[in-house]
Structures are given as C-alpha cells and as structure tokens.
Amino acid sequence: MDSMKDKNKHKKIRVPNNLKIALALGSGVARGFAHIGAIKTLNKYGVYPDIVTGTSIGALVGGCYLAGRLEELEDWACNLNRMKVFSYLDLKIRSAGLIGGKKIDNLLRDRLGNIDIEELPKPFLCIASDMVTGHEVWLKQGNLVDVMKASFAMPGIFPPVRLHNRNLLDGALVNPVPVAPCLAMGAHLTIAIDLNADMLGKTSNSERGYQKVLGFDMLEEGALPDKNQSFLNRFSITRRLFRRENNSASLFGVMFSSLNIIQDRITRSRLAGDPPDVHIKPKIGHIGLLEFEKSQELIKAGEEAVERKMPDIMDAIKILTPTIENWD
C-alpha cells in the first residue's frame, strides 16, 4: 500500500491551458522560506501558477520565482546563520528605519539585475501600504527590486520606499495574504499560502512570550560566536536594540512582536472576506520570525503543507475544468 502511495506521489496533474491558477504568497519574515518548498512541490505535481501575488517576504519569494531565481534563493537561504543575518543589518539610527537596507538592496540587485515586473513571464503583483493614507497599494509595474523592497519595508525597521509619488510601507499592514488581487486579475482558482495560521504551533511554547515570536534575541548569550559577541557588545546601541536587559523585551523584539500581532489579526479578517479556493497552512508557528537559520526546516514544512492539500487542489481543478469555458 505504501509503495503504491510512493508511486503516485508527485504524479503530474493535467491542468487545462485555459484554467488560470493564481498563487497568493503571504507575509511572515523568516517563515517565508516555507514558500520555497510550497512552490517547488506544486511544480512537481505540474501545477504552475499563471498569476502570482505576494506580500512582504511573499513578494520577495514570488519575484525570485518568476525571475527564475528560486533555486538560487534556496541555496542562499540554506547557508544563512545568525552572523550572516546580522551582517546585512546596516544600522541607521538617525533615519526613518533602524536598518538602512543598502546591503540588502545591493544583494537583491546583484542577484536579480535591473529587471522590471513587465518583463516577468507571468503577471506579478506586490502589496504595499501607503504611509500617509493607509491605503492598500497594488504594485504591478516598475523595477522588481524596488517593488519588492516597498512590500517588505517593515515600519520602524526599514525606511519607507518612495514609489509612484507615494511613501510605501510593508504590505502586511493591510493585506498579509493577497487573495483579492488574484480574483481581480482573472484567476479561476486561487491557492493561498498563509504563514500565520498555525496557532497550535504558536501556543505550544507560549510561556516564552514575545521571545517565541522572534525565536531569539540577536545578541543573547550563545546566539553568536564569542569573538563576534564581544565585538558587538562594545557598542551600547546594539545592546539596546537587540539584547534583553533584566529579562525585559528588546526594542527590536517589541517591534517584531507588534508586527506579528497585526498581521495575525488582519490575516483572519481579510481571509474571512476573501477566502481562497485552497488555503494552505504550513505548520511553522513554533519557528520564530527571525529564525532565518531554520530555512531547511521551513522549506520542508512548505513541501509537507502542499502535500496535505493536493487532494483539495486536484478536486478544485476537476470541478472548475468543465465550467471555465463559460467564464471567459
């Protein structure tokens, strides 16, 4: 029986050419690496999205996927450790964000080049928030790196991104899992990958409080090698930003914990009003928002989440196939 299951595993699904499948990739900081595993598994089954939308880390992964850089992103992610993560944080205390983002900008442009969204093989849309009006902004044209940066510009962490005469912030503030744009762009079937749905995983270690949301304090004892720890601790500003004092939360910890609360509540509200056809929920609540070094576990969780939902995806394709001719 098990051998039969293995034989049918990753068996290609016949998807009609005129059935438009959309993939909505949600926000979640480091947890976004689960998107990599989810996309790879969908492709193994022959499910290739015709439309991709993304918020925050979902925009980053979605953009890399359509630009043909998903494997490169996976290789980079699997080689991350805490010191490498810290090396990308160019602190800018006298600015609109704690992190200037220049190092991350250089990394993205080095890997992706100067490509525009219009040059991607499939329609792509990122979600951002207008800092002045609070409006949800749909970005579907322009430089890919600029648009992705606007979508993950977490308030207080990264400075706002100036695009189209607007100051833009993280799209997780308004639409953490962008299903509505999929429908507006003509999708027949929408698959949403929600990184904030694993409440049991979050609750299992609730006694750790805010620290569980992060996974660690970047300068806590043992987080970095001794030689790096002693170097970073010389600077009072890094201790104040990233390290707890007297068992209280660090400034960085409070900001990320607040973002987690916001995106969790908004996700529930938005998905209640705009439910996807297939709702994929990786079991990653036990992994902190900043545990980038757990990329391999996150990628595997994304793969497993899609495997669990493949029967639903197959059923949805079977149901929609006879009716799509009447929709066009």
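Quick notes on the rules
- Residues numbered from 1 in each chain as written.
- Predicted model: local features only at pLDDT ≥ 70, side-chain atom pairs only at ≥ 80, totals over all residues.
- Heavy atoms only, no water.
- Helix = DSSP H or I, 4+ residues; strand = E, 2+ residues; numbered from the N terminus.
- Buried < 20%, exposed > 50% of the residue type's maximum accessible area, 1.4 Å probe, protein only.
- Contact = heavy atoms within 4.5 Å.
- Areas by Shrake-Rupley, 256 points an atom, 1.4 Å probe, with all protein chains shown as cover.
- Phe/Tyr/Trp six-rings, centres within 6.5 Å; stacked < 30°, edge-to-face > 60°.
- Pairing = 2+ DSSP bridges.
- pLDDT = per-residue confidence, 0-100.
- Salt bridge = Lys/Arg side-chain N within 4 Å of Asp/Glu carboxyl O.

A word on the overall build of the protein chain. Counting its secondary structure elements, the protein chain contains 15 helices and eight strands. Considering the protein chain as a whole, with its 328 residues, one finds that 54% of them fall into the buried category. For the protein chain, long-range pairs separated by at least 24 residues make up 76% of all intrachain contacts whose partners lie at least 6 apart in sequence. Carbon together with sulfur atoms contributes 52% to the accessible area of the protein chain, which is approximately 15,100 Å² in total.

Counted by the stated rule, this structure contains two aromatic pairs. Seen from their ring centres, Phe33 and Phe292 are 6.0 Å apart, and the 70° between their planes marks the pair as edge-to-face. Taken as a pair, Phe33 in the loop between strand 1 (21-25) and helix 2 (34-44) and Phe292 in the loop between strand 8 (278-280) and helix 14 (295-320) lie far apart in primary sequence, 259 residues in all. According to the relative accessible area criterion, Phe33 is buried, its value standing at 3%. Phe292 gets classed as buried once you look at its relative accessible area, which sits at 17%. Relative to Phe158, the ring of Phe152 lies with its centre 5.7 Å away and its plane at 65°, an arrangement referred to as edge-to-face. Residue Phe158 is classed as buried on the basis of its relative accessible area, which comes to 10%.

Taken across its 10 residues, helix 3 (residues 57-66) has 10 buried, putting it largely inside the fold. When we look at burial in helix 3, the residues that qualify are Ile57, Gly58, Ala59, Leu60, Val61, Gly62, Gly63, Cys64, Tyr65 and Leu66. Gly68 lies just past helix 3 and shows a positive phi near 75°.

Inspection of the secondary structure puts Glu304 in helix 14. When the C-alpha atoms of Glu304 and Lys281 are compared, they prove to be 9.8 Å apart, with 23 residues separating the residues in sequence.

Quick look at the pairing of strand 7 (residues 189-193) now. Where burial is concerned, most of strand 7 is hidden: five out of the five residues are buried. Judged by which residues are buried, strand 7 turns out to be covered on both faces: Leu189, Ile191 and Ile193 on one side and Thr190 and Ala192 on the other are all buried. Strand direction decides the pairing type here: strand 1 and strand 7, joined by five bridges, are parallel. In the sheet register, Ala22 faces strand 7, and the bridge partner there is Thr190.

Bringing the confidence of the model for the protein chain into the picture now. In this model, the protein chain carries an average pLDDT of 83, and 75% of its residues clear a pLDDT of 70 or more. Residue range residues 205-213 is modelled with pLDDT below 50. Its contacts to residues more than four positions away, or to other chains, number 24 contacts. Long-range and interchain partners of residues 215-219, a stretch whose pLDDT sits below 50, account for 30 contacts in this model, where long-range means more than four residues apart.

Applying the stated rule across the entire model yields 13 salt bridges. The salt bridge involving Asp110 is made with Arg111; its shortest N-O contact spans 3.9 Å. The partly exposed category is assigned to Arg111, whose relative accessible area is 31%. One salt bridge in this structure joins Arg166 and Asp130, with 2.9 Å as the shortest N-O distance. Separated by 36 residues along the polypeptide, Arg166 in strand 6 (residues 166-170) and Asp130 in strand 3 (residues 124-130) bring together distant segments of the chain. Taking relative accessible area as the criterion, Arg166 reaches 31% and is therefore assigned partly exposed.

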